[in-house]
Amino acid sequence: EAGVTQSPTHLIKTRGQQATLRCSPISGHTSVYWYQQALGLGLQFLLWYDEGEERNRGNFPPRFSGRQFPNYSSELNVNALELEDSALYLCASSFTTGDLVSPLHFGNGTRLTVT
Amino acid sequence: AQTVTQSQPEMSVQEAETVTLSCTYDTSESDYYLFWYKQPPSRQMILVIRQEAYKQQNATENRFSVNFQKAAKSFSLKISDSQLGDAAMYFCAYRSRLPTGANSKLTFGKGITLSVRP
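The structure reproduced in this document is the subject of the present report. Because the structure is a prediction, the values reported are computed rather than measured. (Residues numbered from 1 in each chain as written. Chains lettered and ligands numbered in written order. Predicted model: local features only at pLDDT ≥ 70, side-chain atom pairs only at ≥ 80, totals over all residues. Heavy atoms only, no water.)

1. Some points on the overall build of chain B
Counted only if it meets this: The way it works is that DSSP assigns letters per residue, a run of H or I at least four long becomes a helix, a run of E at least two long becomes a strand, and they are numbered from the N terminus. Within these notes, the globule rule equals 2.2 Å times the number of residues to the 0.38 power, and the radius of gyration is based on C-alpha atoms. Summary of the burial criterion: residues with accessible area below 20% of their type's maximum are buried, those above 50% are exposed, and those between are partly exposed, where the area comes from a 1.4 Å probe applied to protein chains only. Two residues qualify as a contact provided that any one of their heavy atoms is within 4.5 Å of a heavy atom in the partner residue.
What chain B contains, in helices and strands, is 0 helices and 12 strands. Going from the N terminus to the C terminus, chain B shows its helices and strands as β-β-β-β-β-β-β-β-β-β-β-β. Expected size for 118 residues packed as a compact globule is a radius of gyration near 13 Å; at 14 Å, chain B falls within 12% of this value. Within the span of chain B, comprising 118 residues, buried residues form 47% of the whole. A sequence separation of at least 24 residues applies to 57% of the contacts in chain B between residues at least 6 apart.

2. Topic: the overall build of chain A
Counting secondary structure elements, chain A contains 0 helices and 13 strands. Listing every helix and strand of chain A by position from the N terminus yields β-β-β-β-β-β-β-β-β-β-β-β-β. Over its C-alpha atoms chain A spans a radius of gyration of 14 Å, differing by no more than 12% from the 13 Å that the globule rule assigns to 115 residues. Reported as C-alpha extents along the three principal axes, the dimensions of chain A are approximately 45 × 30 × 25 Å.

3. Digging into unusual backbone geometry
Residue and element names in this part refer to chain A. Omega for the bond connecting Ser-7 with Pro-8 falls within 30 degrees of zero, at -10°, which places this linkage in the cis form. Note that Pro-8 resides in the loop between strand 1 (5-7) and strand 2 (10-13). With a phi angle near 45°, Ala-80 is a residue other than glycine that sits in the positive phi range. Within the element layout of this structure, Ala-80 appears in the loop between strand 8 (74-78) and strand 9 (87-94). Classification of Ala-80 by relative accessible area gives partly exposed; the value is 41%.

4. Here's the deal with the interface of chain A and chain B
Note the cut-off: Definition used for salt bridges: Asp or Glu carboxyl oxygen within 4 Å of a side-chain nitrogen of Lys or Arg. Between N or O atoms, a polar contact is any pair within 3.5 Å; within protein, one atom must be a potential hydrogen donor and the other a potential acceptor, and residues adjacent in sequence are included only when both atoms are from side chains.
Opposite the 30 residues of chain A that make contact, chain B presents 23 residues. Viewed at the interface, chain B and chain A are joined by 0 salt bridges. Across the contact surface, chain A and chain B share 8 residue pairs in polar contact (both at pLDDT 80 or more). When contributions to the side of chain A that touches chain B are tallied by element, the ones reaching two or more residues are strand 4 (31-38), strand 5 (42-50), strand 6 (53-57), strand 9, strand 11 (100-101) and strand 13 (110-114) of chain A.

5. So, the pattern of salt bridges
Residue and element names in this part refer to chain A. As enumerated under the stated definition, the model contains 9 salt bridges over all chains in all. Here Arg-67 makes a salt bridge to Glu-75, at a shortest N to O gap of 3.3 Å. Overall, the relative accessible area of 45% leaves Arg-67 in the partly exposed class. Among the ionic contacts, a cluster of salt bridges with common partners joins Arg-22, Arg-67 and Glu-75.

6. Quick word on the state of the cysteines
Short version of the rule: Our working definition of a disulfide is a cysteine sulfur pair at a distance within 2.5 Å.
Scanning all chains against the criterion turns up 2 disulfides over all chains. There is a disulfide in this structure between Cys-23 of chain A and Cys-91 of chain A, and the S-S distance comes to 1.8 Å. Because the torsion about its S-S bond is -65°, the bridge between Cys-23 of chain A and Cys-91 of chain A counts as left-handed. Of the two residues, Cys-23 of chain A sits in strand 3 (residues 19-24) while Cys-91 of chain A sits in strand 9, which places them 68 residues apart along the sequence. The pair Cys-23 of chain A / Cys-91 of chain A is uniform in exposure class, with both members buried. Each sulfur in the disulfide pair Cys-23 of chain B and Cys-92 of chain B lies 2.0 Å from the other.

7. Topic: the pairing of strand 5 of chain A
Residue and element names in this part refer to chain A. The criterion, for reference: Two strands qualify as a pair provided DSSP detects at least 2 bridges between them.
The element strand 5 is largely enclosed, with a buried count of 8 among its 9 residues. Relative to strand 5, strand 4 is paired through 8 bridges, and the arrangement is antiparallel. The residue of strand 5 that forms the bridge with Ala-38 is Gly-42. Hairpin connection of strand 4 to strand 5: 3 residues between the antiparallel strands, including Gly-40 at a positive phi of 80°. One ladder, built from 4 bridges, connects strand 5 with strand 6; its direction is antiparallel.

8. Let's talk about the sheet that holds strand 7 (residues 64-68) of chain A
Residues and elements named next belong to chain A. Quick reminder of the rule: Axis geometry follows a simple rule: fit a line to the C-alpha atoms, using only the stretch in contact for helices, then measure angles between N-to-C directions, giving values from 0 to 180 degrees.
The strand order 1-3-8-7 describes an open sheet built from 4 strands, whose pairing is antiparallel. Edge strands, defined here as strands with exactly one partner in the open sheet, are strand 1 and strand 7. With direction set aside, neighbouring strand axes in the sheet form an average angle of 15°. Sheet topology note: the strand 1/strand 3 ladder contains 3 bridges and is antiparallel. Following the sheet pairing, Ser-7 is matched in strand 3 by Arg-22.

Structure below.
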């Protein structure tokens, strides 16, 4: 079974540009989560998509946005990049059956560097 | 809102020895999940062990076990017979059992870096 896949592995952008990060969940998983892992700050929750809808977002400005496609893959867009956006962006997927939520399975992340 | 605290930024253990990683959390909920994730240099977060709050018995997975103290809101991870491959960053995480809205996300601690000495 293929795991969560993220692309690209590395991304280098200049301040003010836009970045697009992609995530494909495990087959059968309908929920996709995005986390930012900046140095020394642990994992900060960004966004949660389920069945194509944004269900929750973390404490991040609106220039962080995304979407989930009908095949449950997801994109994270970061507009007007700032230097402090440099971080590892992790995507995770899970499924929900009734009140049971499967553990999150993570991808290898996209390392975004803003210069 | 729930919070997860890992107060030790780094720990070191001799190969074959036992080490315990600490985690405390704060919540007003009575039903939830707790997790330990491992992040090796490859960057992928790997689920190590999971505990349901309604279960009194501590979870175990081979060399990994937890000490879950619900009243104290403490959730420590014990690694027995430490191996070089255990060297990684370890994250404690909390998740509400209710899969709706804000409760579905994992809340992570800041992590602890574990090194294993040969």
